[in-house]
Amino acid sequence: MAGTLYLVATPIGNLDDMPPRVAATFGAADFVAAEDTRVTLRLLNHLGLKKPLVSYYEHALHHGAAILARIEAGEDCALCSDAGMPCISDPGEQIVAEALARGIRVVPVPGASACVTALAVSGQKTGRFVFEGFLPVPKKERRARLEALAREERTVLLYEAPHKLRATLGDLCGVCGADRSVTLCRELTKLHEEICKTTLGQALARYEAEDPRGEFVLVLAGADAPEQQEAAPTLDQAVQAARLLMEGGMPPAAAARQAAAGTPYRKGEIYRALLRQQDPPAE
């Protein structure tokens, strides 16, 4: 009988946030699949556990087949990332997809997630949001993504490393404008946690003057919805407006001129249409 793949959330910084079920799942698993075995080893040591470890990181995804084979042979696996919920902006998603395709039971053991934690504390709109993770590195792809995000009306969640923060803030300023609201969440749940709601321009100015430290979640306000423009009136509607003015005593030429204002039609077009609609003379 096949085993189970457990997706185990780990604390995003503060080990006191460890849910009891996380520790219990690690304790019951036959082996642990980790993003970085060194990071997870420290966590297991904190829990007083010794478990076989295997890496599933991007450069070792060939281990995915071996992980799944062990589960199919009956072993239970606890899969975890370095921090937060695994498989979110994380190569573990490929293992989960393949596990489901093979009919392997996948069980989430939920906990903190940096992006949702940042969204909750950001002061930005939370009803609709989009998670973008890390922006692409290749310039062409990055530019296309930034231009799309500039038009995005939902709140946008981004991850960024400290050494890339200035460049990312500069790029966002360029496409979104310096006045766009953004909340910078740094070192969430850790000793030097900071939540700063500001603008892109002010954030860039700050970090041009000081070195960014720690991992960041950027919570970017969505773009304003485009104003709904009223549809232009049809020629018949403009002519009808002119007729109403005439019924109020205005001469046809003046009525046509006033009805043409703010429409794509010229006074002469409306005047000629008025003449065409006049009742034919009696015979």
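Residues numbered from 1 in each chain as written. Predicted model: local features only at pLDDT ≥ 70, side-chain atom pairs only at ≥ 80, totals over all residues. Heavy atoms only, no water.

**Q** How should I be thinking about the overall build of the protein in this particular structure?
**A** Secondary structure assignment for the protein yields 11 helices and 10 strands. For the protein, whose C-alpha radius of gyration is 31 Å, the value lies well above the compact-globule estimate of 19 Å for 283 residues. Taking the principal axes of its C-alpha atoms as reference, the protein extends roughly 105 × 55 × 35 Å. Taking all 283 residues of the protein together, the buried fraction comes to 41%. Of the roughly 15,900 Å² of accessible surface on the protein, a fraction of 52% belongs to carbon and sulfur atoms. Considering the protein, the positive charge centre built from 31 side chains and the negative charge centre built from 36 side chains are found 3 Å apart. (Helix = DSSP H or I, 4+ residues; strand = E, 2+ residues; numbered from the N terminus. Rg over C-alpha atoms; globule rule 2.2 N^0.38 Å. Buried < 20%, exposed > 50% of the residue type's maximum accessible area, 1.4 Å probe, protein only. Areas by Shrake-Rupley, 256 points an atom, 1.4 Å probe, with all protein chains shown as cover. Lys, Arg positive; Asp, Glu negative; His and termini not counted. Charge placed at Lys NZ, Arg CZ, Asp CG, Glu CD.)

**Q** How should the packing of helix 9 (residues 235-247) against helix 10 (residues 252-260) be read in this particular structure?
**A** Helix packing geometry: the angle between the two helix axes and the distance between the axes. The interhelical angle for the contact between helix 9 and helix 10, taken along N-to-C directions, is 135°, at an axis separation of 8 Å. One element, helix 9, and the other, helix 10, form an angle in the oblique class. The two elements helix 9 and helix 10 meet at a crossing, and its hand is right-handed. Contacts between helix 9 and helix 10 involve A238, A241, A242, L245 and M246 on the former and, on the latter, P252, A255, A256, Q258 and A259. Grouping the amino acids of the contact of helix 9 with helix 10 by side-chain chemistry returns 9 nonpolar, 1 polar and no charged. (Axes fitted to C-alpha atoms, helices over the stretch in contact; angles between N-to-C directions. Parallel < 35°, antiparallel > 145°, perpendicular 65-115°, else oblique. Left-handed = near helix turned anticlockwise from the far one by under 90°. Contact = heavy atoms within 4.5 Å. Nonpolar A, V, L, I, M, F, W, Y, C, P; charged D, E, K, R; others polar.)

**Q** I would appreciate a short explanation of the pairing of strand 1 (residues 4-8) in the present structure.
**A** The two faces of a sheet get side chains in turn, since along a regular strand they alternate between them. In terms of burial, strand 1 is a largely internal element, 4 of the 5 residues being buried. The pairing of strand 1 with strand 5 (residues 105-109) spans 5 bridges and is parallel. Bridging across to strand 5, Y6 finds its partner in V107. (Pairing = 2+ DSSP bridges.)

**Q** Explanation requested: the sheet that holds strand 8 (residues 181-186) in the structure shown.
**A** Two strands in a sheet stick together by hydrogen bonds in their backbones, pointing the same way (parallel) or opposite ways (antiparallel). Pairing within the open sheet is mixed, and its 5 strands lie in the order 6-7-10-8-9. On the outer flanks of this sheet lie strand 6 (129-133) and strand 9 (194-199), each paired with one strand and no other. Recorded for the sheet is a direction-independent mean angle of 20° between the axes of neighbouring strands. Sheet topology note: the strand 7 (residues 155-160)/strand 10 (residues 216-220) ladder contains 5 bridges and is antiparallel. From the neighbouring strand, Y159 faces strand 10, where its bridge partner is V217. The strands touched by helix 8 (residues 200-209) within the sheet are strand 8, strand 9 and strand 10, with strand 9 carrying the most contacts at an inclination of about 120°.

**Q** How do you make sense of the pattern of salt bridges when you look at a structure like this?
**A** A side chain of one charge can pair with a side chain of the opposite charge when the charged atoms of the two come close. Following the criterion strictly, the structure yields 14 salt bridges and no others. For the salt bridge of K190 with E187, the shortest nitrogen-to-oxygen distance reads 3.7 Å. The class of K190 is partly exposed, set by a relative accessible area of 35%. Several salt bridges converge on common partners, so that one network encompasses R186, E194, R206 and E210. (Salt bridge = Lys/Arg side-chain N within 4 Å of Asp/Glu carboxyl O.)

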